[in-house]
Amino acid sequence: MRPFTLNYAMPTGQSAATTPYHFDVALQLNVLPDGRPAVSDRALLMATGTTTSTAGSQTHFDD
């Protein structure tokens, strides 16, 4: 039997959403297609709410 809450807590498939930025491994930042850091675009931050990555959490205990 599958718990009822797992129907909502776990994704059922791939999301159709795309982000207008990508994570740059060399810079350790999310960057826009034109190379600017994603945090510099206020409209993007207002629309998406956040542009965090998990890179720091895997290496630092205080992130």
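Residues numbered from 1 in each chain as written. Predicted model: local features only at pLDDT ≥ 70, side-chain atom pairs only at ≥ 80, totals over all residues. Heavy atoms only, no water.

Caption draft 1: Representation of the confidence of the model for the protein chain. This prediction gives the protein chain a mean pLDDT of 75; 60% of its residues lie at or above 70. When the elements of the protein chain are averaged for pLDDT, helix α1 (residues 6–9) gives the smallest value, 68, and strand β2 (residues 29–31) the largest, 91. (pLDDT = per-residue confidence, 0-100. Helix = DSSP H or I, 4+ residues; strand = E, 2+ residues; numbered from the N terminus.)

Caption draft 2: Up close: unusual backbone geometry. Here the phi dihedral of Gln 28 falls at roughly 60°; this positive angle occurs in a residue that is not glycine. Among the secondary structure elements, Gln 28 is positioned in the loop between β1 (22–24) and β2. On the basis of relative accessible area, Gln 28 is assigned to the partly exposed category, the value being 43%. (Buried < 20%, exposed > 50% of the residue type's maximum accessible area, 1.4 Å probe, protein only.)

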